[in-house]
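The chain contents come next:
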2 protein chains.
Amino acid sequence: MMTMESITETIRGIARRSQQAAASLRGTSGEERKKVLEAFARQIDGDVAAIVAANAQDYSREEAQGMSAGLLDRLKLDANRVASLADAVREVAALPDPVGITTQGSVRPNGLHVRQVTVPMGVVGMVYEARPGVTVDAIALALMSGNAVITRGGSAAALSNAAIVECAWRALAEVGLPKELVANIDEYGREGVTALLEARGLVDLVIPRGGAGLIQTVVDKAKVPVIETGVGNCHVYIDEQADLGDALEIVLNAKTQRVGVCNAAETLLVHQGIASEFLPGVLGKLDEAGIRIHGCQQTKKIAADGDIPCLEATEEDWATEYLSADLAVRVVQDVEEAVRHISQYSSGHTEAICSLNVRALDFFTSSVDAAAIAVNASTRFTDGGQLGLGAEIGISTQKLHARGPMGLSALTTTKWIIAGNGHTRP
Amino acid sequence: MMTMESITETIRGIARRSQQAAASLRGTSGEERKKVLEAFARQIDGDVAAIVAANAQDYSREEAQGMSAGLLDRLKLDANRVASLADAVREVAALPDPVGITTQGSVRPNGLHVRQVTVPMGVVGMVYEARPGVTVDAIALALMSGNAVITRGGSAAALSNAAIVECAWRALAEVGLPKELVANIDEYGREGVTALLEARGLVDLVIPRGGAGLIQTVVDKAKVPVIETGVGNCHVYIDEQADLGDALEIVLNAKTQRVGVCNAAETLLVHQGIASEFLPGVLGKLDEAGIRIHGCQQTKKIAADGDIPCLEATEEDWATEYLSADLAVRVVQDVEEAVRHISQYSSGHTEAICSLNVRALDFFTSSVDAAAIAVNASTRFTDGGQLGLGAEIGISTQKLHARGPMGLSALTTTKWIIAGNGHTRP
């Protein structure tokens, strides 16, 4: 058993070596980094059996310890899933290089040439739980953007993660880069995470991915910069002047296409003017799809008229990201009340409006403060791939640095180059 | 005497009202926000006597309590300084509107129109000390970028800050906007700052400005997103193949033009190949300018040969941001050793190289990890105005969100607008 003090020292040592290794990627071209990822994909392909075997051990241990079916599904890797992880690495390798882009620049009146260019962040930490696929994504995205990465994927997936990290190490060796570019700290437990979060000056960014509890813990403990991700208490508001056929499809898609994801809808808000016309149909379809309705008084009444089961919604329902086959439903007076409800309960992820009225749309899109506003579209489109960013490392629900799906560019920062010819400041 | 608990409740109440007030700026045009700033400038101009009188009270109290001359100078406002503060507000009003800019967008293959636009951050907190000018800048920059602002300018400048905030309140009333867009929490002391830093979900960003101690405290306590600013342990490296005439001017400018600022040079690194040629002249000039030299062994020897006073540099000298008439000087073997020294001691602000050799320049600019690299130019150019960004709210020395001088755009975030026509995700 290591003491907290010795774990802190160990983690700081790892981070220091990550920082030194990160220097080896500075000045590399996108082509060179692409080669690392291609080697990583080949190593994964060549090591399918070992990865699947390691995962099987993680899986059976966690199954025996009573992990839920949903989590077990995220944990599981079979040969097909491993192959698609390797493909995902190749997709990242095919993305445009995010490093070395001039974001702004000018020749100043005094003749100084100034420009701001994108550069790697340095050392990026990823903290997540029981999702070995995230280990692959994190390594691929970090290396492609020129960063060293420290992963903490949790004890439940420790053997799977270790097998994946081995592939990354072999890939780095193959192209002659230091293996310290990829580090895994699963073996140091929660104390290891704490030490990582306190390693100011050594770790440039930590991204937590997981449930609200994990993210809260990371934010509370972090002394290093953190980007909060993923909690999505997403609303769909159906305006009085909506295309109700489209609205029905959007509600069903946003709630039922995948219930356990952060961009799934959790609350439906319906304008009172169309509630009695719209709700019976949509509640019936949701019920058929196995969704439990938690309704306001008006919703309950409409549901009862159609013999559709409906629980009474409480304050907690409005505030909850279910991540399950549940939906809160509320009738609102108008778009203003919808926006007030959303302002109170939103987690700032994705908020949708169905309306054909320009004034309502303008009011909603300018008033609602969220990473994404879906207009006559499902909340499920808030996704790096869907928005054209390629693979994503998470969906930021904070406002600093990156908001919404984070692609490669979120793992870069900038550097000013101030080029003179003996210039001094008068 | 308020308890910590009641201060926390009070500050959270203020932040909640700031958040509500911030909504009133969403959807305003740049012209409308410009009008607020123009009114603010007029109010300052019209209230010079009251501001100067309030400041005189702050000044004499702090002088009696032994505040240093440098800090007293920063605290002082006379009629001319107040007039130039009003002018600075007008300059911010003349900057391009940072809100509503489309940063990226496309029509997706499925016909979804997606675009990412800049929007105000929401509620911005500024924590600083005894610098009433920062109160004016913070209010102007925050309002122009569509944000509510909460200032904490310290008890030493409390009366000056209060007089300035009064001007902002009258300006807001004049244009019909809520006064809660500007709040000042000086009266709640350090506990007020702590409460502000813990107001997650209410405060979107806190920017500390001040010495290393203040910034460290803020980073340690903050549960809300923070941007570290301003600590500058800046180096100037003179390469073997430098224009030594230019190099002399750059060193003198970087060290002596203003010694108390974050972009002043604190350490001079000189290639061994030109040390005996370059150092006697530069050390002599620095000595004439009243700079105390803290040299390595070789530097001491060269200084002694020219009868120039030179203290022995210790480990602490390399690590210190003097902000005073002191300069550490070290002879290095080559550009690699210069980069290693900088990597060890840099605060990531500005690092300069004087060289005419392309290889040395490339190595230095790609290897040194800092907000700005000055190439054959003084470190003093790392400044919002000098780089063409207009007024700055601080100089970020971290990598997240903003790095280097932060102008208006650093006070914005983005929002994805995902516009469909009944789109659902297959």
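Residues numbered from 1 in each chain as written. Chains lettered and ligands numbered in written order. Predicted model: local features only at pLDDT ≥ 70, side-chain atom pairs only at ≥ 80, totals over all residues. Heavy atoms only, no water.

A. Representation of the interface of chain A and chain B within the structure. Taken together, the 71 residues of chain A in the interface contact 72 residues of chain B. Three residues stand out in chain A for area buried against chain B, namely Leu400(A), Trp416(A) and Arg425(A), and they jointly supply 14% of the buried area on that side. For the pair chain A and chain B, the number of links is eight salt bridges. Between Arg200(A) and Glu228(B) there is a salt bridge, with its nearest N and O atoms 2.7 Å apart. Scanning the region where chain A abuts chain B turns up 49 residue pairs in polar contact (both at pLDDT 80 or more). Taken together, the elements giving at least two residues each to the side of chain A that touches chain B come down to β1 (102-107), β2 (113-120), α9 (212-221), α10 (244-256), α15 (358-367), β13 (372-377), α16 (384-387) and β16 (412-423) of chain A. Counting residues per element, the side of chain A that touches chain B draws most heavily on β16(A), at 11 residues. (Contact = heavy atoms within 4.5 Å. Buried area = accessible area lost by both parts, 1.4 Å probe. Salt bridge = Lys/Arg side-chain N within 4 Å of Asp/Glu carboxyl O. Polar contact = N/O pair within 3.5 Å; in protein donor to acceptor, adjacent residues only side chain to side chain. Helix = DSSP H or I, 4+ residues; strand = E, 2+ residues; numbered from the N terminus.)

B. Inspection of empty space enclosed by the protein at higher detail. One pass over the structure, following the stated rule, counts two cavities of 30 Å³ or more. Here the largest cavity defines a volume of roughly 290 Å³. Looking at the largest cavity, it is lined by 18 residues, and the ones nearest its centre are Val224(A), Val226(A), Val224(B), Pro225(B) and Val226(B). When grouped by side-chain class, the residues that make up the lining of the largest cavity number 12 nonpolar, two polar and four charged. The volume enclosed by the second largest cavity comes to roughly 30 Å³. Lining the second largest cavity, in full, are Val236(A), Val251(A), Ala254(A), Lys255(A), Ala265(A), Thr267(A), Leu268(A) and Leu327(A). Counting residues per element, the ones that place at least two in the lining of the second largest cavity are α10 and β8 (265-271) of chain A. Broken down by class, the residue content of the lining of the second largest cavity amounts to six nonpolar, one polar and one charged. (1 Å grid on protein atoms, 1.4 Å probe; cavity = no way out; pocket = protein on both sides within 12 Å on 5 of 7 lines; lining within 4 Å. Points joined across faces, edges and corners; volume = space filled by probe spheres on them. Nonpolar A, V, L, I, M, F, W, Y, C, P; charged D, E, K, R; others polar.)

C. Focus on the relation of the copies chain A and chain B. Between the two copies, chain A and chain B, the superposition gives an RMSD of 0.0 Å; the rotation angle is 180 degrees and the shift along the axis is 0.0 Å. The superposition of one copy onto the other is thereby described by a two-fold rotation axis. Proximity to the rotation axis, assessed at the C-alpha, singles out His401(A) in chain A; its C-alpha lies 1.7 Å from the axis. Both copies contact each other with a shared surface, as 100% of the interface residues of chain A are interface residues in chain B too. (Least-squares fit on C-alpha atoms with pLDDT ≥ 70 in both.)

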